[in-house]
Amino acid sequence: MDSQMVMEGGNNVRVSVSSSGGDESDVVKELMEVIESVGLYSAYRKTQRKECLSLVRRLKLLVPFLEELRELGTSVSSEALNCLDNLRKALVLAMKLLKHCNYESKIYLALESEAVMSRFLGVYDKLHQALDGMPYDELGISVEVKEQVELMRMQLKRAKKRTDTIDMELAMDMMVVFSNMDDTNADSAILERLAIKLELRTVTDLNQETLAVQKLVKKRGGHNAENIQQIVDLLGKIKQISGLEETTALDGPVSSKILQRCKSSLVPHEFLCPITLEIMTDPVIVSTGQTYERESIQKWLDSNHRTCPKTGQILLHLSLAPNVALKNLIRQWCEKNNLELPKKDPYIGPGGSSTELIKEISFLVENLSSCQLDVQREAVLKIRMLSKENPDNRILIANSGGIPPLVQLLYHPNSKVQEHTVTALLNLSIDEANKRLIAREGAVPAIIQILRNGTDEARENSAAALFSLCTLDDNKVLVGTLNGIPPLVELLQHGTIRGKKDAATALFNLSLNQANKSRAIQAGIIPPLLQVLEDKNLGMIDEALSILLLLASHPEGQNEIGKLSFVETLVEIIRHGTRKNKECATSVLLELGLNNSSLVLAALQYGVYEHLVEIARNGTNRAQRKANSLLNHMSKCEHLP
C-alpha cells in the first residue's frame, strides 16, 4: 500500500492508497480517506477555484453512500469489488488534480488553464464510468442514497459535455506580456491587472509563488524550457511593479530567503519588517497585532489595501500604534552589536512620502492651471515623469487633485501639451482607483479626439490609455458609444509599429464587449487585421488572430471573415507558423468551421489535415485540444451528403 502526503496548515496528513484492490472494507476505508483529504485543501488557485470547489462538493455527495456501505458490512462479489476499486482510482485522480490546483504555481496554472480543464473533464469521465455500473442492489444500498449518487452521476455527465470557458482577457494579457512587447505602452497596466487576477499582491503571495516556481523549475528540468522561462520572467516583472526586489535566483536552494533586502543575517527575525525584510527603525502595530516599519505599511495602506500583509486578515481600522517596546529592544541590540540603524528621511509626510515631494507635486498641480504656456508645459512634463516612476507617486498626484486639471489640458491647443497630458493620464490610469476617476472627469472623449488628430506619440499613448481604462467593463461600453473604435482601427491600419500594437491591445479589450464586436466590424477592422497577418515583420500574428477569434463568434464577423482567401491564410499559418501561431490559427478555423462546414472542406483541400494531425500530437496543450476538435468535426463534415 502506497502513501501520499497532504498538507493542512503545515501539518502532514497521510492518505493510504492501495496499488491494487483489497477487500471491500479496505477499499471503502480508502475511499473515505480520500474524500476526507480533499476537504483539507483551502488555497485553490483563482483560475481553477470554481472548478475545484464544484468537484469537492460533488465528491462529498458520495459520503452517505460510503457510510451506508461501511455500516452494512456485507460481503460482495468480485465484480462489485472491482466497481468500488474503479471508483477508488477515480477519486485518487481527483485528489491529485485538486492538490495540483492547490500548490502549483499560479502563473503556470493560468498559462495551462485549458490543459488543466482537460484534466478535470478526464476526472469527471472516470467518476461517471465508475458509478455507471455500480451494483446498488447487491451492495444493499437504500433507494434514498442511490438517488443521491445518481444525482451526482448526472451532474458529472453534464459537466463532461460543457464547452470551454476561457478568460479571454487574462489570456490576451498573458499573450501580450509573453510576446516581449518592449515597445508597447500597456505593459505596466497589464502587469498590474495580472497581479490582481492571479492574486499575487502581497509579500506572502509572492514568496509562495516563488517557491512554487522554484519547484516547477526543478521538476520540469529542461522540459518545455521556453514556457518555464516565461513564467520566471513574468514573476520577476510582477515583483518589480510591486516594489519588491529579488536577490535570490529562482534556481537556487528553496530554503533561501526570497525577498531579501536586509544584508545582515545576524539580525533577529522579529526585528525585521515582514514587508521589506529590513531592520525596523519606526515599528508600528496594526489592528491584527502584527508589527511593520511605519513607512512600508503606510505605503501598503495608501495603495488601497485593507488587509494585513502577513496574515491576510481584514484590518478593523487603519490606525498605527508605535511599538515602543520593540523599538527600544532594536536600539539596545544595535548598540550592543556596534551596528548603526539606517538613516531615514526626517521629512516624512503622513503617507510615507517625503514632505518635499508632496510640496513639489502640489506646486506642479497648481501650475497646470497657469496662464503661461511654458509653465504649464513644464508642469505636465514633470507630472508625466513622476507618474511613470512608481505607484506611490500616482496616488499622491491623484490625492493632490491632479486629475481634473490634467483632463482639462487634453483640450489644450498645443500638441506637445496634449502629448504629455495623455501620457501622464496613461501612467496614472495604472492605478485601479484612478481609472474610475479619470473616466468620471470626462477624459474619454478628449482622449479619442487626440487619438484622431494628435502627434504620432500622442496617438500611440491615447490608444494605450484607452486600453488601460477599458479594463473596467463600464469604460468598454463608454468608449464604444463615444465612437472610439474607428480611430483605433485607423491607427491599426496606418499607425507606427508601436501604434499598431497599442491599437491591437485596445481593440481586443473593447471587443470583449458584444456590442463593440459589431462596432469594430462596421468600422472596417477586418482588412487591417488581415494586413497584419501578412506582414511577418510586425510580429503581431497572435494578437491579430486573437481579435479575429473574438469576432468569429459574432454573426457579422463570420460573414466578413469566412472567405476562402482567409481560410487559405489560416492554413498557411498552421503549416509554417510558430507553436503559438498554430494554436491561434487552429482556434479561429475551428470557430469558423463549427458555423460553416464548407470552410472546413476548403481547409482540407488546402492540405490542412496532416498539419492538424501533427499539432494534435506535438502542439501546445490548447492547440492539441483545438486540433482534435477540428479533426473530429472534419470527419463528420466529410460524411455529409
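Residue numbers restart at each chain and count upward from 1, following the sequence in its written direction. Only residues with pLDDT of at least 70 get local features here, since the model is predicted, and only at 80 or more are side-chain atom pairs given and counted; chain-wide, interface and lining totals rely on the full set of residues. Hydrogens are left out, water is left out, and the side-chain values use all remaining heavy atoms of the structure.

Going by the annotation in an unreviewed UniProt entry, the name recorded for the chain is RING-type E3 ubiquitin transferase, with Lithocarpus litseifolius given as the source organism. UniProt positions are given in the numbering used here, feature names are shortened, and annotations may be inferred rather than shown by experiment. Of the chain, the UniProt comment under Function (unreviewed entry) reads exactly: "Functions as an E3 ubiquitin ligase." Among the UniProt annotations of the chain, the heading Catalytic activity (unreviewed entry) holds the following wording: "S-ubiquitinyl-[E2 ubiquitin-conjugating enzyme]-L-cysteine + [acceptor protein]-L-lysine = [E2 ubiquitin-conjugating enzyme]-L-cysteine + N(6)-ubiquitinyl-[acceptor protein]-L-lysine."

Planes of paired rings set the category: under 30 degrees apart is stacked, over 60 is edge-to-face and the rest tilted, where pairs are Phe, Tyr or Trp rings (Trp by its six-membered ring) whose centres lie within 6.5 Å. Counting across every chain of the model gives five aromatic pairs. Judged by centre distance (6.4 Å) and plane angle (65 degrees), the rings of Tyr 41 and Tyr 44 are edge-to-face. Taking relative accessible area as the criterion, Tyr 41 reaches 5% and is therefore assigned buried. Between Tyr 41 and Tyr 103 the ring centres are 6.0 Å apart and the planes differ by 85 degrees, which places this aromatic pair in the edge-to-face class. Separated by 62 residues along the polypeptide, Tyr 41 in the loop between helix H1 (24-38) and helix H2 (46-60) and Tyr 103 in helix H4 (residues 78-103) bring together distant segments of the chain. Through successive ring pairs, a cluster of aromatic residues spans Tyr 41, Tyr 44 and Tyr 103. Looking at Arg 58, its charged tip hangs above the ring of Tyr 124, at a distance of 5.4 Å from the centre. The buried label goes to any residue with under 20% of its type's maximum accessible area, the exposed label to any with over 50%, and the partly exposed label to all in between, with areas taken from a 1.4 Å probe on protein chains only. A run of H or I in DSSP becomes a helix once it reaches four residues, and a run of E becomes a strand once it reaches two; helices and strands are each numbered from the N terminus. For a lysine, the NZ atom is tested; for an arginine, the CZ atom; a charge sits over a ring if that atom is within 6 Å of the ring centre and within 35 degrees of the ring normal.

Along the chain, Ser 587 turns up in helix H31 (residues 579-595). For Ser 587, a relative accessible area of 4% translates into the label buried. Definition of a polar contact: a pair of N or O atoms within 3.5 Å, with one able to donate and the other able to accept a hydrogen when the atoms are protein atoms, and with sequence-neighbouring residues admitted only if both atoms are side-chain atoms. One polar contact links the side chain of Ser 587 to the main-chain carbonyl oxygen of Glu 583, over a distance of 2.9 Å. Apart from residues lying up to four places away in sequence, Ser 587 is in contact with Leu 549, Arg 622 and Lys 626. Contacts are residue-level and defined by heavy atoms, with any inter-residue pair within 4.5 Å sufficient.

Note on geometry: axes are lines fitted to C-alpha atoms, helical ones only across the stretch in contact, with angles between N-to-C directions running from 0 to 180 degrees. Running from N to C, helix H28 (residues 541-551) and H31 point in directions that differ by 20 degrees, and their axes come no closer than 9 Å. With respect to each other, H28 and H31 are oriented roughly parallel. As for how H28 packs across H31, the hand of that crossing is left-handed. Every residue of H31 that contacts H28 at Ile 541, Asp 542, Leu 545, Ser 546 and Leu 549 is listed here: Lys 580, Asn 581, Cys 584, Ala 585, Ser 587, Val 588 and Glu 591. By residue class, the composition of the contact of H28 with H31 is six nonpolar, three polar and three charged. Note on angle classes: values under 35 degrees are labelled roughly parallel, values over 145 roughly antiparallel, values of 65 to 115 roughly perpendicular, and the remainder oblique. Two helices that cross are described as forming a left-handed crossing if the nearer one is turned anticlockwise from the farther one by less than a right angle, and a right-handed crossing if clockwise. Amino acids outside the nonpolar list (Ala, Val, Leu, Ile, Met, Phe, Trp, Tyr, Cys, Pro) and the charged list (Asp, Glu, Lys, Arg) are all regarded as polar, and Gly is one of them.

Following the sequence through the fold, Lys 327 ends up in helix H14 (residues 324-336). Among the residues examined, Lys 327 registers a relative accessible area of 41% and is labelled partly exposed. On a C-alpha basis, the gap between Lys 327 and Asp 282 in space is 6.7 Å, while along the polypeptide they are 45 residues apart. Filtering out sequence-adjacent residues up to four positions away, Lys 327 remains in contact with Thr 281, Asp 282 and Pro 283.

The subject of this paragraph is the state of the cysteines. The rule for a disulfide is simple: a pair of cysteine sulfur atoms within 2.5 Å. Under the criterion given, the structure shown has zero disulfides. Cysteine Cys 52 remains unbridged, with the sulfur of Cys 101 as its closest cysteine sulfur at 3.9 Å.

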